[in-house]
Amino acid sequence: MVKSERRILLGLVIMLGLLMICPPLWASQFFNVEKVADGVYAAIGKPGVASNGAFIVTDDGVVVVDTHFRPSWARDLITEIKKTTDQPVRYVINTHWHNDHTQGNQAYAEAFPKYVEFISSHNTRDDIIRLAIPSVKQSLEQDVPNAIQRLQGFLDSGKGPDGAALSGDRRAQIQTQLESQKSYLEELKHMTITVPNMTFDRSLILHKKDKEIRILYFGKGHTRGDVVVYLPKEKVLISGDLLIGGTPFMRDAYPFEWAPTLEQIGGLDFAKVIPGHGPVEDGKNQLQLELRYLKDLVSTVQAQFDGGKTPSLDDVKKTAAAQLVAKYEKDYGPNFKTAVLGNIERTYAEAKGDLKDPH
Ligand SMILES: [Zn+2]
């Protein structure tokens, strides 16, 4: 064997060895699973699944964070968890009430009926009952059947939403969307979001022999109930949608409170973030960017109210969007132009005093 061949062979042996010792990444049907620390795994949703979750293997059961949009996707992740450990899932934590983080709860209740407890903040439990569960009914009875009818209409008429004839590619795309909506409708027929049975105010800590898992509420932000999960020894933060890999989503948010909440999270000592959406992040750069943006968003909108004025939403949108796009489009990408408008609208509503707590 010549020297170069020997070197290649040695390289292969080392690579294989590394792969066997620490498989850092593998894929299931719906997720890329990434080991971010000892016993800590990110489940990054593939395109179409979009939202992320995580699971933590302890000496005494598995802790799952967020359960995705469909029970079938949660079941896919349960299969992956079972490949990693023979421990049962003991706890499921919902970071917030949004459907893409809670609709898979029932899959865990069904798979681990004797073991599993569901944990959230008080506010998230209330909002699952008040908002998430009624929205399942709305999707089942109206939204999804309407979407199916609309998509079927495009295929039947051979024309898209813009009235133009469908190309072969476009037809195939619509067909895929239609199949996806039909299978979702089947899941909705059997969907009952399992409501958290353990809730807390500020913090709940799971003290395991080999791990400390802190579940922390710092205040309102993306919703009024978001928690983060923090592992101090592993320096991992599981951030839910308080910190994501793109423009913050604000439909149910409290923009004025979000930055102070995120600032406290920034005080934690972490090296890796598993966000609610987007890839695993290293360090605090994404958090610093989001913090700058949230502060700028609030101060730019608030400035329009200076001197006791109440400006129109349209005027605020124009002025604030121009300033914010100039500053943040390069970081948040081409969708920012549209996403920022929803954020300005929500911030305007809070500046005017229109965001009322439900209780
Ligand atoms: Zn969310």
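Anything mentioned here points back to the structure above.
Definitions and limits used
Residues numbered from 1 in each chain as written. Predicted model: local features only at pLDDT ≥ 70, side-chain atom pairs only at ≥ 80, totals over all residues. Heavy atoms only, no water. Helix = DSSP H or I, 4+ residues; strand = E, 2+ residues; numbered from the N terminus. Rg over C-alpha atoms; globule rule 2.2 N^0.38 Å. Buried < 20%, exposed > 50% of the residue type's maximum accessible area, 1.4 Å probe, protein only. Contact = heavy atoms within 4.5 Å. Areas by Shrake-Rupley, 256 points an atom, 1.4 Å probe, with all protein chains shown as cover. Pairing = 2+ DSSP bridges. Axes fitted to C-alpha atoms, helices over the stretch in contact; angles between N-to-C directions. Core = buried A, V, L, I, M, F, W, Y, C linked by side-chain atoms within 4.5 Å. Expected span 1.5 Å × (residues − 1). Arc of directions from axis to C-beta. 1 Å grid on protein atoms, 1.4 Å probe; cavity = no way out; pocket = protein on both sides within 12 Å on 5 of 7 lines; lining within 4 Å. Points joined across faces, edges and corners; volume = space filled by probe spheres on them. Donors = N, O, S within 2.8 Å, 3.2 Å for Na, K, Ca; no water. Tetrahedral: all angles 85-135°; square planar, octahedral: opposite > 155°, others 65-115°.

**Points about the overall build of the chain**
Across its full length, the chain holds ten helices and 14 strands. The C-alpha radius of gyration of the chain comes to 23 Å, within 12% of the 21 Å expected for a compact globule of 359 residues. Overall, the C-alpha framework of the chain stretches about 75 × 55 × 55 Å when taken along its three principal axes. Buried positions account for 48% of the 359 residues belonging to the chain. Pairs at least 24 apart in sequence give 67% of the contacts found in the chain among residues at least 6 apart. Accessible surface computed for the chain: about 17200 Å², of which carbon and sulfur atoms make up 54%.

**Examining the sheet that holds strand E6 (residues 89–93)**
If you trace the eight strands from one edge of the open sheet to the other, you get E1-E2-E3-E4-E5-E6-E7-E8, paired in mixed fashion. Every other strand in the sheet has two partners, leaving strand E1 (25–27) and strand E8 (198–200) as the edge strands with one partner each. Direction aside, the axes of adjacent strands within the sheet are offset by 20° on average. In the sheet, E6 pairs with strand E7 (residues 117–121) via three bridges, with the strands oriented parallel.

**Brief notes about the nonpolar core**
Ranked by size, the top nonpolar core spans 35 residues in total, and within it Ile265, Leu324 and Ile344 carry the most contacts. Looking at this core, the elements with two or more residues in it are strand E11 (228–231), helix H7 (255–266), helix H8 (285–303), helix H9 (313–332) and helix H10 (336–351). Those residues within four positions of isoleucine 265 in sequence are excluded, and the remaining contacts are Phe218, Val228, Leu237, Leu242, Phe270 and Leu287. If you look at the next biggest cluster of nonpolar residues, it comprises 24 residues, including Val36, Tyr217, Ile238 and Val280.

**Description of H7**
In a regular helix each residue adds 1.5 Å, so twelve residues correspond to 16 Å; H7 covers 17 Å between its end C-alpha atoms and thus fits that length. Taken together, the buried positions of H7 are Pro255, Trp258, Ala259, Thr261, Leu262, Ile265 and Gly266. Down the axis, H7 shows its buried residues gathered within 165° of arc, on one side only.

**Comments concerning the layout of surface pockets**
What the largest pocket holds in volume is close to 690 Å³. The wall of the largest pocket is formed by 24 residues, among which Val49, Ala50, Phe69, Asn99 and Asp100 lie closest to the centre. Secondary structure elements with two or more residues in the lining of the largest pocket: helix H3 (99–102), helix H5 (122–157) and helix H6 (168–189). At four residues, the largest contribution of residues to the lining of the largest pocket is made by H5. Roughly 170 Å³ of volume is contained in the second largest pocket. Looking at the second largest pocket, the residues that line it are Ile244, Gly246, Thr247, Pro248, Phe249, Met250, Arg251, Ala339, Gly342, Asn343 and Arg346.

**Looking at the coordination of the zinc ion**
Protein-derived coordination of the zinc ion comes from His96 (NE2), His98 (ND1), His222 (NE2) and Asp241 (OD), at a distance range of 2.2 Å. With four donor atoms in place around the zinc ion and angles of 87 to 170° between them, the coordination shape is irregular. Expressed as a motif, the donor residue spacing for the zinc ion is H-x1-H-x123-H-x18-D. With a gap of 19 residues between them, histidine 222 in the loop between strand E10 (212–216) and E11 and aspartate 241 in the loop between strand E12 (236–240) and H7 connect regions that are remote in the sequence. Judged on exposure class, the residue histidine 222 and its partner aspartate 241 are both buried.

**Points about the pairing of strand E3 (residues 40–45)**
With six of six residues buried, E3 is to be regarded as a mostly interior element. Covered by surrounding structure in E3 are Val40, Ala42 and Ile44 together with Tyr41, Ala43 and Gly45, the residues of both alternating faces. Bridge count for strand E2 (residues 31–37) against E3 is six bridges, and the pairing is antiparallel. Within the sheet, the bridge partner assigned to glutamate 34 lies in E3 and is alanine 42. Counted along the chain from E2 to the antiparallel partner E3, the turn is two residues long, and its residue glycine 39 has a positive phi close to 75°. When E3 meets strand E4 (residues 53–58), the two strands line up antiparallel, connected through four bridges. Each residue of the ladder has a partner; that of tyrosine 41, found in E4, is phenylalanine 55.

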